[in-house]
Amino acid sequence: MNPIYAEMPTTIFEAMSALARELGAINLGQGFPDARGPESVIEAAVTALREGSNQYPPMPGLPELRRAVADHYRRHQDIDLDWTSEVTITSGATEALAAAILALVRPGDEVLLIQPMYDAYLPLVLRAGGVPRFARLAPPDWRIDAAMLDAAFTPATRLVILNNPVNPSASLFDAASLALLAERAVAHDAVVISDEVWEHLVFDGRRHLPIMALPGMRDRTVKIGSAGKIFSLTGWKVGWMCASPALSRVLAKAHQFLTFTTPPNLQAAAAHGLALPDDYFHEMRAGYARSRDRLAAGLADAGYRVLPSAGTYFLSVDLPGSGIAADDVTFAEIAVREAGVATIPVSAFYAEDAVRGVVRLCFAKQDETIDAGIARMAIARGLFES
Ligand code: PMP
Ligand code: GLN
C-alpha cells in the first residue's frame, strides 16, 4: 500500500457532508449549490444524451467544447487560445490538477504551494515525488508579499500551484500580487498551474485576472477551469486545461491514462453553456452575491465577525474575533453535532503552521437553507458563550 494514501484522512468535505447527512444537519460545509442549475444547460445535456453519441469522444475533448472554451476566454478574459492545440477537456478540475501535476512534476522537483491550499494539491504533489515548499497566507487579508515568495522559491522550484480566486479564503489576488508571483516564475523558469475554477464567481464588479495574461506567462501557465462551478452543477465533473501546445501535448499524455475521456453529453452541454450571453454570468454572480450578503448579515446579527468574501461560494467567520475561544476543528465538531450546522475548519487547508481560528461556510444555497443555517449558527454561538 502506498503510505501517502494509506495514512491520509478522508477529505474534510466528504467527512463533513457525511456527518451532515447522518445527523440531519444544515450543510454549509462542502461547496455545492442547492438550486437546480441553468435549465438550458441541463436541457442541452438531455438532448445530447438522447440524440448525440454515447461512445468515447476524442481523447482531448469534443471539438465543440474545446472551441467553446477558447471562444469563452477570448470573450471574457482577452486570452487567445488555439482550441486545436491548447485546450484539453478533463473529468473535472480535479482530474486536470492530477494530470498536470503527474505530467509536470519529476521526483525531487520543488513545488511551491500557497496555504491555505485546496485539499487535492499536496497529496498529488507528494505522489508525483515532488518536494513541497509552502508560502503561508493569513487572515484578514490573505495577502502574498515579495519576502514570502523569495523565501519559498529556490533554484530547485519547478512548479507553482496557484488558486485564484482562492478557496477557502474567498479572496482574490490583485494584479500586483500576481505580478510578484509571475516575475519569480519567469526568473526561476517555473511553470504555474493556475486553478481558476472560481473565475466567474467574483463579486462587487471585480474582474478575474488570469495569470496567463501576464508578461512571460503565456507559455508557462496551465490554466484550469471547471464547468461545475461556472454552471452551478458541481456533480458534472467537466473541466479543462489550457496551455501552450508544448505543455498541452504532455498534459494530454497524463489525461489519457487517468480518465482518457469525459462524458460526451456533458461536454456538449458545457459547450452550450459557455456560449450563453453575458446576462447569464451577470445574473449568476448577482444571485450569489445576494446570498453572500444574506448569510453575512445573519451571521453578524448572531454575533459573528464575518471576514470579507470577494469571490467563490464561501465566506468565513473569525472565531476569536467573534469572542469564541475554541479552535476551528472543535467549533466545527460541536456546531455540527450539537447545533446541527456543518461548516469547514480552515486549518484543513494547511499542511503546517495552520490558521486555527477560522471556519468556512458555503452561501450557495436557497434563502430558506441560509436562514436555517443562520439560526443553527446562532445556537452554536450560544454553546461557546462563556
Ligand atoms: N479546485 C478548487 C479550488 C476547488 O474549489 C474545486 C472544487 N470546489 C476543484 C478544484 C474541483 O473542481 P471539480 O469539481 O471540477 O473537479
Ligand atoms: N471544492 C468543494 C469545496 O471546497 C469540495 C469539492 C470536494 O468535495 N472534493 O467545498
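Residues numbered from 1 in each chain as written. Chains lettered and ligands numbered in written order. Predicted model: local features only at pLDDT ≥ 70, side-chain atom pairs only at ≥ 80, totals over all residues. Heavy atoms only, no water.

**Looking at the site of ligand 2**
Piece 1. As a matter of local geometry, ligand 2 sits amid Phe13, Gln30, Gly31, Tyr118, Asn167, Phe314 and Arg360.
Piece 2. Here an oxygen atom of ligand 2 sits 2.6 Å away from a polar atom, N or O, in the main chain of Gly31.
Piece 3. Separating an oxygen atom of ligand 2 from a side-chain N or O atom of Asn167 is a distance of 2.8 Å.
Piece 4. About the coverage of ligand 2: the protein hides 80% of its 300 Å² of free accessible area.
Piece 5. The residue makeup of the shell around ligand 2, split by class, is three nonpolar, three polar and one charged. (Near = heavy atom within 4 Å. Polar contact = N/O pair within 3.5 Å; in protein donor to acceptor, adjacent residues only side chain to side chain. Areas by Shrake-Rupley, 256 points an atom, 1.4 Å probe, with all protein chains shown as cover. Nonpolar A, V, L, I, M, F, W, Y, C, P; charged D, E, K, R; others polar.)

**Quick notes on the domain arrangement of the chain**
Piece 1. Here the chain is described as being made up of domain 1 (3-30 + 279-383) and domain 2 (39-276).
Piece 2. On a C-alpha basis, the centroid separation for the pair domain 1 and domain 2 is 25 Å.
Piece 3. Each partner contributes to the roughly 3,100 Å² buried at the junction of domain 1 and domain 2, and carbon and sulfur atoms together form 65% of this total.
Piece 4. Counting the contacts that link domain 1 with domain 2 gives two salt bridges.
Piece 5. A salt bridge links Asp353 to Arg136, with the shortest nitrogen-to-oxygen separation between them at 3.4 Å.
Piece 6. For the pair domain 1 and domain 2, the number of links is 15 residue pairs in polar contact (both at pLDDT 80 or more).
Piece 7. For the side of domain 1 that touches domain 2, the elements supplying multiple residues, two or more each, are helix H1 (3-6), helix H13 (278-301), strand S9 (305-307), strand S10 (314-318) and strand S13 (358-362).
Piece 8. A per-element tally of the side of domain 1 that touches domain 2 places H13 first, with seven residues. (Domains from an automatic or database assignment. Buried area = accessible area lost by both parts, 1.4 Å probe. Salt bridge = Lys/Arg side-chain N within 4 Å of Asp/Glu carboxyl O. Helix = DSSP H or I, 4+ residues; strand = E, 2+ residues; numbered from the N terminus.)

**Quick word on helix H6 (residues 92-104)**
Piece 1. With 13 residues, H6 should cover 18 Å at 1.5 Å per step; its first-to-last C-alpha distance of 18 Å lies within 8% of that length.
Piece 2. Burial analysis of H6 places ten of its 13 residues in the buried class, which makes it a mostly covered element.
Piece 3. Residues of H6 that are buried include every one of Gly92, Ala93, Glu95, Ala96, Leu97, Ala98, Ala99, Ala100, Ile101 and Leu104, and no others. (Expected span 1.5 Å × (residues − 1). Buried < 20%, exposed > 50% of the residue type's maximum accessible area, 1.4 Å probe, protein only.)

**Quick notes on the nonpolar core**
Piece 1. Leu65, Ile193, Val222 and Phe331 are the most contacted members of the largest nonpolar core, which has 96 residues in total.
Piece 2. Inspection of this core shows a minimum of three residues originating in each of domain 1 (3-30 + 279-383) and domain 2 (39-276).
Piece 3. If near-sequence neighbours (up to four positions away) are discounted, Phe331 is found in contact with Tyr304, Leu319, Ile324, Ala326, Thr343, Val359, Met377, Ala380 and Phe384.
Piece 4. One finds Leu19, Leu112, Ala152 and Ile211 within the second-largest nonpolar core, a separate group that totals 38 residues. (Core = buried A, V, L, I, M, F, W, Y, C linked by side-chain atoms within 4.5 Å. Contact = heavy atoms within 4.5 Å.)

**Brief notes about the site of ligand 1**
Piece 1. The local shell around ligand 1 consists of Gly92, Ala93, Thr94, Tyr118, Asn163, Asn167, Asp195, Val197, Trp198, Ser226, Lys229 and Lys237.
Piece 2. In the model, an oxygen atom of ligand 1 is placed 2.8 Å from a nitrogen or oxygen of the Asn167 side chain.
Piece 3. Between Lys229 and ligand 1, the recorded distance is 2.7 Å, taken from a side-chain N or O atom to a nitrogen atom.
Piece 4. For ligand 1, whose unbound accessible area comes to 400 Å², protein coverage reaches 93%.
Piece 5. At three residues, H6 tops the list of elements feeding residues into the shell around ligand 1.
Piece 6. Here the residues of the shell around ligand 1 are counted per class, giving four nonpolar, five polar and three charged.

**What to know about the sheet that holds strand S7 (residues 221-226)**
Piece 1. An order of S2-S8-S7-S6-S5-S3-S4 is seen for the seven strands of this open sheet, with the pairing classed as mixed. One side of each edge strand has no neighbouring strand; the edge strands of this open sheet are strand S2 (87-90) and strand S4 (131-136). Averaged over all pairs of adjacent strands, the angle between their axes in this sheet comes to 20 degrees, without regard to strand direction. (Pairing = 2+ DSSP bridges. Axes fitted to C-alpha atoms, helices over the stretch in contact; angles between N-to-C directions.)

**Some remarks on the packing of H13 against helix H15 (residues 367-383)**
Piece 1. Two elements in contact, H13 and H15, have axes whose closest approach is 9 Å; the angle formed by their N-to-C orientations is 20 degrees. Here H15 runs roughly parallel to H13, going by the angle between their axes. As for how H13 packs across H15, the hand of that crossing is right-handed. Taken together, the residues of H15 that come into contact with H13 (itself represented by Ser291, Arg294, Leu295, Gly298 and Leu299) are Asp367, Ile370, Asp371, Ile374 and Met377.
Piece 2. The class makeup of the residues in the contact of H13 with H15 is five nonpolar, two polar and three charged. (Parallel < 35°, antiparallel > 145°, perpendicular 65-115°, else oblique. Left-handed = near helix turned anticlockwise from the far one by under 90°.)

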